[in-house]
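Results of the structural survey
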Amino acid sequence: MKHCNTSCGGDCGNCAGAGTLELTEAEIVLLGKFAQIPFWPVARRADSETPVCLECGGMRPELLSALAAKGLIRLDFDFPLTGFDYAAYDAFPHKGSMALTAAGQSVIELLDVRGADE
């Protein structure tokens, strides 16, 4: 799948930032969950960078980390969701939120239009 990493946000293939972005089937499914619910809770332990989401079935830590590394989601451990009950996260000192980035939204739109095989 071609994805433009510059400010034009398009899939033109003409800009310097255009390249191939490879996603696994599991990453595509996870992006679909973010398309349905834009903000999710996330937490981590004091001694770990591993993201944890207890409410998000199928959001394995390695998938969350991979999408964050690709710039498709943002993990904000210092910005909790307003009104969300983090009681289940008492063991985690860093409680925050995660959401799609603009690049992630662009990829979802491309997947909707072209499908996952391109």
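This text follows the structure it describes.
What comes next is a walk through the structure. Everything quoted here is computed from the prediction, not taken from an experiment.

**Examining helix H1 (residues 25-36)**
Helix length check: H1 (12 residues) gives 17 Å between terminal C-alpha atoms against 16 Å at 1.5 Å per residue, within 8%. Here H1 has its buried residues at Glu27, Ile28, Leu30, Leu31 and Phe34. Buried residues of H1, seen end-on, are gathered within an arc of 160° and therefore sit on one face of the element. Seen from the buried face of H1, the exposed residues on the opposite side, beyond 90 degrees, are Glu25 and Gln36.

**So, the pattern of salt bridges**
Tallying each qualifying case throughout the model produces 4 salt bridges. For Glu27, the salt bridge is made with Lys70, and the minimal N-O distance between the two is 2.8 Å. With Glu27 in helix H1 and Lys70 in the loop between helix H2 (61-69) and strand E4 (73-76), the pair connects residues that are 43 residues apart, well separated along the chain. Salt-bridge contacts for Arg74 lead to Asp76; the nearest nitrogen and oxygen are separated by 2.5 Å.

Rules used throughout
- Residues numbered from 1 in each chain as written.
- Predicted model: local features only at pLDDT ≥ 70, side-chain atom pairs only at ≥ 80, totals over all residues.
- Heavy atoms only, no water.
- Helix = DSSP H or I, 4+ residues; strand = E, 2+ residues; numbered from the N terminus.
- Expected span 1.5 Å × (residues − 1).
- Buried < 20%, exposed > 50% of the residue type's maximum accessible area, 1.4 Å probe, protein only.
- Arc of directions from axis to C-beta.
- Salt bridge = Lys/Arg side-chain N within 4 Å of Asp/Glu carboxyl O.

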